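If you want the building blocks of each chain, they are given just below.
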Amino acid sequence: MDLQSSIFELIDMRSFSNLWYWIGLAVLWSSASHWAMGVPYDLVVRARRIGGQAEQDLLDIVRINRNRVLYIVDVSGLVLMALSCFFFTGLAIMGFFYEVEFAQAVFLLLFPVSLVMLINIRAARKLNRIEPSLEPVAKILMRCRIYTQIIGMISILITSLWGMYQNLSIGVLG
């Protein structure tokens with residue numbers, strides 16, 4: 001037995017039995033639910049509670065992120081959609097048809113994040129149509145955060161069920 005196979009046997013490079021995969025999944029959804037449309041949740045809470053400069057900061061960062069998201073979507077949205085469909089179709093076929101565990105893991109991580117991106121785009125379009133004031137902006141951002149958390153909970157549930165199924169079907173000894 002050589003050193004490389006000993007290390008891979010010790011670390012267990014399979015995706016769903018690797019602790020780092022689950023830590024990455026938790027960090028991904030934790031940060032995705034904290035940053036609704038690029039705006040940190042604590043800034044929304046602080047703007048509602050304190051007002052004044054915090055409110056102005058919130059409206060400024062929302063305006064900047066809204067314009068940024070809408071510019072990217074308007075300029076290259078169709079190309080990004082085509083590339084992401086190609087990427088996710090390739091991952092899904094490799095993962096679930098050819099049974100490549102790494103492709104399954106990446107698909108289960110990134111596909112729900114693309115749904116969150118669509119929610120962020122929808123929120124940016126809503127924010128573009130309204131008058132920028134604290135209550136409607138905070139309401140849209142809170143709703144965006146709640147939808148992100150719902151997608152995150154469903155994603156973690158499906159990923160954990162699929163990961164347990166994979167670990168049980170492959171077994172401890174491979």
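Refer to the preceding data block for the structure.
Here we summarise the structure given alongside this text. Here the structure is a predicted model, which is why all the values come from computation and not from measurement.

Describing the overall build of the protein chain
Thought 1: Check the secondary structure of the protein chain and you find six helices and two strands.
Thought 2: Helices (α) and strands (β) of the protein chain occur, in sequence order from the N terminus, as α-α-β-β-α-α-α-α.
Thought 3: The globule rule puts the C-alpha radius of gyration for 174 residues at 16 Å, and the 20 Å found for the protein chain is more than 25% above it.
Thought 4: Considering only C-alpha atoms, the protein chain reaches an extent of 65 × 35 × 30 Å along its principal axes.
Thought 5: Buried positions account for 33% of the 174 residues belonging to the protein chain.
Thought 6: In the protein chain, the proportion of contacts linking residues at least 24 apart, taken out of those at least 6 apart, comes to 71%.
Thought 7: A total of about 11100 Å² of accessible surface is found on the protein chain, and carbon and sulfur atoms cover 69% of it.
Thought 8: Charged side chains in the protein chain number 14 positive and 12 negative. The centres of these two groups are separated by 14 Å.

Notes on the packing of aromatic side chains
Thought 1: Following the criterion strictly, the structure yields 11 aromatic pairs and no others.
Thought 2: Arranged with centres 5.8 Å apart and planes meeting at 85 degrees, the rings of F96 and F107 form a pair that is edge-to-face. In this pair, F96 is assigned in helix α4 (residues 53-97) and F107 in helix α5 (residues 101-129), connecting sequence segments 11 residues apart.
Thought 3: The exposure class of F96 is partly exposed, given its relative accessible area of 35%.
Thought 4: F107 gets classed as buried once you look at its relative accessible area, which sits at 15%.

What about the environment of W20?
Thought 1: Among the structural elements, W20 can be located in helix α2 (residues 19-34).
Thought 2: What makes W20 exposed here is its relative accessible area of 64%.
Thought 3: Between the alpha carbons of W20 and L70 there is a distance of 34 Å; along the sequence they are 50 residues apart.

Brief notes about the layout of surface pockets
Thought 1: Considered as a void within the structure, the largest pocket measures approximately 760 Å³ in volume.
Thought 2: Around the largest pocket sit 27 residues that line it, and V113, S114, M117, L118 and I121 are the ones nearest its centre.
Thought 3: Sorting the residues of the lining of the largest pocket by element identifies α2, α4 and α5 as the ones contributing at least two each.
Thought 4: Examining the composition of the lining of the largest pocket, we find that 11 residues originate from one element, α4, more than from any other.
Thought 5: Of the residues assigned to the lining of the largest pocket, the class counts are 19 nonpolar, seven polar and one charged.
Thought 6: Elements with a contribution of two residues or more to the lining of the second largest pocket: α5 and α6 (134-170).

Procedures and definitions
Residues numbered from 1 in each chain as written. Predicted model: local features only at pLDDT ≥ 70, side-chain atom pairs only at ≥ 80, totals over all residues. Heavy atoms only, no water. Helix = DSSP H or I, 4+ residues; strand = E, 2+ residues; numbered from the N terminus. Rg over C-alpha atoms; globule rule 2.2 N^0.38 Å. Buried < 20%, exposed > 50% of the residue type's maximum accessible area, 1.4 Å probe, protein only. Contact = heavy atoms within 4.5 Å. Areas by Shrake-Rupley, 256 points an atom, 1.4 Å probe, with all protein chains shown as cover. Lys, Arg positive; Asp, Glu negative; His and termini not counted. Charge placed at Lys NZ, Arg CZ, Asp CG, Glu CD. Phe/Tyr/Trp six-rings, centres within 6.5 Å; stacked < 30°, edge-to-face > 60°. 1 Å grid on protein atoms, 1.4 Å probe; cavity = no way out; pocket = protein on both sides within 12 Å on 5 of 7 lines; lining within 4 Å. Points joined across faces, edges and corners; volume = space filled by probe spheres on them. Nonpolar A, V, L, I, M, F, W, Y, C, P; charged D, E, K, R; others polar.

Just geometry here; none of it tells us what the structure is for.
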